[in-house]
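Listed here are the chains, written in short residue letters.
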Amino acid sequence: MAYSTLHQLADKLDSGDTTAAALAQAFLDRANAHNGDLNAFVELDAESILAQAEASDAHRQAHGARPLEGLPIAIKDIFCTSHGRTQCCSNILRDFHAPYDAHVITRLREAGAILFGKTNMDEFAMGSSNETSAFGPCRNPWDRERIPGGSSGGSAAAVAAALAPAALGTDTGGSIRQPAALNGIVGLKPTYGRVSRRGIIAFASSLDQAGPMTRDVCDAALLASIMSGHDAADATSVANAPAVNWLTSCLRRDLTGIRIGRPKEYFVAGMDAEVRARVEEALSTCAELGAEIIDISLPHTEYAVAAYYVIAPSEASANLSRYDGVRFGHRCDNPDDLLDMYTRSRDEGFGIEVKRRILTGIFALSSGYYDAYYKKAQQVRTLIRQDFAEAFAKVDLIATPTSPVTAVKLGENRDDPITMYLSDIYTIAVNLAGLPGLSQPCGLANGLPVGLQWIAPAWREDQLLGAAAAYEAATAWHQQRPAAFDDANQGGVA
Ligand code: GLN
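Everything numeric in this text was worked out from a predicted model, so none of it was measured. (Residues numbered from 1 in each chain as written. Predicted model: local features only at pLDDT ≥ 70, side-chain atom pairs only at ≥ 80, totals over all residues. Heavy atoms only, no water.)

**A look at the overall build of the chain**
Consideration 1: Helix and strand counts for the chain stand at 16 helices and eleven strands.
Consideration 2: Scaling as 2.2 N^0.38, a compact globule of 494 residues should have a C-alpha radius of gyration of about 23 Å, and the chain matches this with 21 Å.
Consideration 3: The principal-axis extents of the C-alpha atoms in the chain amount to approximately 65 × 55 × 50 Å.
Consideration 4: Looking at the chain as a whole, 60% of its 494 residues are labelled buried. (Helix = DSSP H or I, 4+ residues; strand = E, 2+ residues; numbered from the N terminus. Rg over C-alpha atoms; globule rule 2.2 N^0.38 Å. Buried < 20%, exposed > 50% of the residue type's maximum accessible area, 1.4 Å probe, protein only.)

Below, the structure written as structure tokens:
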């Protein structure tokens, strides 16, 4: 049962085979048994989880089932929840209790979901490996000597090891899609503005977007259908966004008439040969399913990483100025004066990568350098958007690898930020352009999962889900499990 999808668990709950309380207990047992191996959860409050599950069973009895009735969903530590701690895996927010639920958390609760713990992440979502977490790195269930990716590494590892059936992540430059790829699960980043950012701790506000991390495409659609919708309290949440028929999109089984773009800039030297082979094989499968594969160009791709690593730190430097030791979070002991309190609180509270981003951002925004860096990066952003607009005049969807490599060893890139930043090459342009993107499993390379990334025009999540569902139905990659966490595998730790 541990490796069931949300829709399979919903069937079991509906038929009376199990209860929300029994389900919550089963996942708690697994999470308690295995979290020591992975460090996927930084908070797991059994009492609150079981109380929610009992309330869900009572609700089902009295009023029938809501769309996510009794389904446990793990929550990245970046989402504010009125119960328990919200720490963004930073010492500056250690033991912080948020005063309210994020908009998406409210929607999940109203749909009957069980909030199942807080998952590990890179500090303030800055990273691609989960190694910047103040709570220590999370490990990849496929090989515990390796990174789970990031920043939503805990959410991805929890789902891949079946410590939870699904999780929430956020994606500013790839943080849903890349860890999904590296753990062999599905991750969906919706169109910017589709999901409210209220109550999600801000990293780079023009890029941040929340989305689901799941075992299959249908579950991603199910969660996205609940998470999305206008919120008047988030000025960037779009009112009257084009609607998506989330669940029927997942019924697609062939790709006849679908034009898939293959950007030449995404298949270049530097990517792992095995990763490339798996993605090429996936494209062949799509062709067999009826798609037309068309070579396209996204000519400004090579500038995406540089533009992102100016824009995201600039926005972060502004967003993180609120952690000043006064209103929330850590305050240093015995400050001499106000300035000493600000500087020491921030020095003690922020980790090295967060400090690097704040300093880079402040530099890029400073009066002498604004035009040379920030303004230039915004101009590049416009060119990247135009690249996609021109491509989508010729194709319905774009298919690429999600990451140039499979999961690297813990520590391999930790002291080399440039190499770490370059690993975001395939995911970052999607955020700069505000487009929806999805990563799904497309095989193994050297025993580790490889992700296939789909990119669609704004608001066309139906196209993403349709193509991903057709590919998923024709292959079995999404059913691969990390041996050490598979109950059926007697040699594993399970
Ligand atoms: N890896 C990227 C970064 O470090 C993206 C992170 C994210 O999407 N939150 O900024």
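Next comes the rest of the account.
**What to know about the sheet that holds strand 2 (residues 72–76)**
Consideration 1: Strand order across the open sheet formed by eleven strands is 1-3-2-4-6-5-10-11-9-7-8, with mixed pairing between neighbours. Each edge of the open sheet is held by one strand with a lone partner, namely strand 1 (41–43) and strand 8 (292–296). Strand-to-strand twist of the sheet, defined as the mean angle between neighbouring strand axes without regard to direction, takes the value 35 degrees.
Consideration 2: Each of strand 5 (186–189), strand 9 (397–401), strand 10 (437–445) and strand 11 (448–455) is contacted by helix 16 (residues 461–474), which is oriented at about 20 degrees to strand 10, the strand it contacts most. (Pairing = 2+ DSSP bridges. Axes fitted to C-alpha atoms, helices over the stretch in contact; angles between N-to-C directions. Contact = heavy atoms within 4.5 Å.)

**Here we look at a nonpolar patch on the surface**
Consideration 1: The grouping of F363, Y369 and Y373 at the surface amounts to a nonpolar patch, some 290 Å² of accessible area in total.
Consideration 2: Along the chain, F363 turns up in helix 12 (residues 352–365). (Patch = residues over 30% accessible without salt bridge, like charges linked within 9 Å, V, L, I, M, F, W, Y side chains within 5 Å. Areas by Shrake-Rupley, 256 points an atom, 1.4 Å probe, with all protein chains shown as cover. Salt bridge = Lys/Arg side-chain N within 4 Å of Asp/Glu carboxyl O.)

**Structural notes on the confidence of the model for the chain**
Low pLDDT means the predicted atomic positions in that stretch should not be read closely.
Consideration 1: Mean pLDDT for the chain: 96, with 99% of residues reaching 70 or above.
Consideration 2: Contacts of residues 490–494 to residues separated by more than four positions or lying in other chains number twelve contacts, the stretch itself having pLDDT below 50. (pLDDT = per-residue confidence, 0-100.)

**Re the nonpolar core**
Consideration 1: Of all hydrophobic cores here, the largest spans 150 residues; its most connected members are F79, L108, F124, L168, F388 and W454.
Consideration 2: When sequence neighbours within four positions are dropped, the list of residues in contact with L108 reads L68, I73, I75, A113, L115, L168, I226 and M227.
Consideration 3: The next biggest cluster of nonpolar side chains, apart from the first, holds five residues, and it includes I147, A181, L182 and A407. (Core = buried A, V, L, I, M, F, W, Y, C linked by side-chain atoms within 4.5 Å.)

**Regarding the packing of aromatic side chains**
Consideration 1: Summed over all chains, the structure comprises 15 aromatic pairs.
Consideration 2: On the basis of an interplanar angle of 75 degrees and a centroid distance of 5.8 Å, the ring pair of F41 and F116 is categorised as edge-to-face. Taken together, the residues F41 in strand 1 and F116 in strand 3 (residues 114–119) connect sequence positions 75 residues apart.
Consideration 3: With relative accessibility at 4%, the residue F41 sits in the buried group.
Consideration 4: Take F116: its relative accessible area is 0%, and that puts it in the buried class.
Consideration 5: With 6.4 Å between their ring centres and 85 degrees between their planes, Y323 and F350 make a pair best called edge-to-face. Of this pair, Y323 sits in the loop between helix 10 (304–319) and helix 11 (338–349) while F350 sits in the loop between helix 11 and helix 12, and the two are 27 residues apart along the sequence. For the pair Y323 and F350, a shared accessibility class is recorded, and that class is buried.
Consideration 6: Every member of this aromatic cluster is reached through a ring pair, and the members are F96, F124, Y323, F328 and F350.
Consideration 7: For R262, the ring lying beneath its charged end belongs to F267, and the centroid distance is 4.2 Å. (Phe/Tyr/Trp six-rings, centres within 6.5 Å; stacked < 30°, edge-to-face > 60°. Lys NZ or Arg CZ within 6 Å of the ring centre and 35° of its normal.)

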